[in-house]
Amino acid sequence: MATQRPFLLSFTGLLVVSLLSVTPDDRMYARKERHDRGNRIEEVVYHDRNNLLATLRTYSTGGVLQMEEQYSDYQKRIKNGFTKYWYPSGKLYWISDYRNNVRHGAFLVYTEDGTLKRREYYKNGTRKKAICYGQAGEVVPCTDFLQEARFAADPQQLITHLQTYMDRDLHPLRAPRMLVRFDVGTDGAVENLYFIFPSQEGQVNSPKPFKPANDDEPTFLMDAFEDMPNWKPATFDGIPIRSTVSLAVRYKKGILTIRKGPDHVTR
């Protein structure tokens, strides 16, 4: 336990600072809200009258605790302190220390029998050290705990694939830039393609399935994305999960550029 002491001290210091900003009356204050979210129950406990210091917990519909997060400013969703997740059995899955909404300190992951399988240390959101353990307790290589979906092995292959379709048709794109959104399933298959084109005023239109504006407009853009090979799915602790991918696409003077935004993952 001695190696974990610096991690605990980092959270203790934050807790002391937070408590100093609370009036004596607030220290006796607690207000609880519960919300039924359909597939889970959400509980928020406010620890001050301004509804800033708060603890968020989620429970299964059967009442099993799933997650707990600590906030120094719940209105702005700023996390400070420990975030914890539990297995459906009620055993601790992982715990991570946060400072100003980024990991800072320990991130520990356990197997369901309580064995430590991952130990990471972060400083202001940057991972400084990671050690992972196999079933027999041996040290094994670490992969990212959460890996986003990615196209094949090399992102450049996505540009090459799309460029091939765009080069074969001389029609200009409806707009020189667009946003493309789609789901990547646990098997890597691409589903639910949506295209978002800026309006003439520069505003972003609501996402909608791609359709030609008229019979003469080519559908090569839709064909290019529909004919993409499967992606590598996002993974959470090594397990494939479904995610939504967003791509900012720009095509100017025959040059195609793509910028990928962060995935929205579904667990």
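Predicted model only: the values in this text are computed from it and were never measured.

**Q** Could you give an account of the pairing of strand β4 (residues 65–73), naming the residues involved and the relevant values?
**A** Relative to β4, strand β3 (residues 54–59) is paired through six bridges, and the arrangement is antiparallel. Following the sheet pairing, T55 is matched in β4 by Q70. The turn joining β3 and β4, which pair antiparallel and follow one another in sequence, is formed by five residues; a positive phi near 95° is taken by G63. Bridge count for β4 against strand β6 (residues 81–86) is two bridges, and the pairing is antiparallel. Its bridge partner being in β6, M67 is matched across the sheet by Y85.

**Q** Please set out unusual backbone geometry residue by residue, giving values where relevant.
**A** One non-glycine residue, N51, lies in the positive phi region at around 60°. Within the secondary structure, N51 sits in the loop between β2 (41–46) and β3. With a phi close to 75°, N101 is a non-glycine residue in the positive phi region. Position of N101 relative to the elements: it lies in the loop between β7 (92–99) and β8 (102–110).

**Q** Mind laying out the pattern of salt bridges, listing which residues take part and the relevant values?
**A** The final tally for this structure, using the stated rule, is 14 salt bridges. Among the ionic pairs, R127 bridges to E120, the shortest N-O distance being 3.2 Å. Judged by relative accessible area, R127 falls into the partly exposed class, the value being 35%. Its relative accessible area of 2% is what places E120 among the buried residues.

**Q** Go over the packing of aromatic side chains with me, naming the residues and quoting the values.
**A** Considering all chains together, one arrives at twelve aromatic pairs under this definition. Centroid distance Y71 to Y74: 5.1 Å. Interplanar angle 90°. Geometry classified as edge-to-face. We classify Y71 as buried; its relative accessible area is 9%. Looking at Y74, the relative accessible area reads 6%, which means it is buried. Note on F182 and W231: the rings are 5.3 Å apart at their centroids and 65° apart in plane angle, and the pair reads as edge-to-face. Pair noted here: F182 is in strand β13 (residues 177–184) and W231 is in the loop between α3 (220–226) and β15 (234–236), with a separation of 49 residues, a long-range link. The same class applies to F182 and to W231, which are both buried. In this structure an aromatic cluster arises from ring pairing among Y85, Y87, Y93, W94, F107, F145 and F236. Directly above the aromatic system of Y59 lies the positively charged group of R34, at a separation of 5.6 Å from the ring centroid. Of note, R77 hangs over the ring of Y74, and the distance from its end group to the ring centre comes to 3.9 Å.

**Q** Describe the state of the cysteines, with residues and values.
**A** In this structure the tally under the stated criterion is one disulfide. The disulfide partner of C132 is C142, and the gap between their sulfur atoms is 1.9 Å. Disulfide C132-C142: the torsion about the S-S bond is 120°, which places it as right-handed. Separated by ten residues along the polypeptide, C132 in strand β10 (residues 126–133) and C142 in the loop between β11 (139–140) and β12 (146–147) bring together distant segments of the chain.

**Q** So what's going on with the pairing of strand β1 (residues 31–36)? Residues and values would help.
**A** Pairing of β1 with β2, which is carried by six bridges, proceeds in the antiparallel orientation. Within the sheet, the bridge partner assigned to K32 lies in β2 and is V45. The hairpin formed by β1 and β2 contains four residues between the paired strands, and G38 there has a positive phi angle of roughly 90°.

The rules we used
- Residues numbered from 1 in each chain as written.
- Predicted model: local features only at pLDDT ≥ 70, side-chain atom pairs only at ≥ 80, totals over all residues.
- Heavy atoms only, no water.
- Pairing = 2+ DSSP bridges.
- Helix = DSSP H or I, 4+ residues; strand = E, 2+ residues; numbered from the N terminus.
- Salt bridge = Lys/Arg side-chain N within 4 Å of Asp/Glu carboxyl O.
- Buried < 20%, exposed > 50% of the residue type's maximum accessible area, 1.4 Å probe, protein only.
- Phe/Tyr/Trp six-rings, centres within 6.5 Å; stacked < 30°, edge-to-face > 60°.
- Lys NZ or Arg CZ within 6 Å of the ring centre and 35° of its normal.
- Disulfide = S-S within 2.5 Å.

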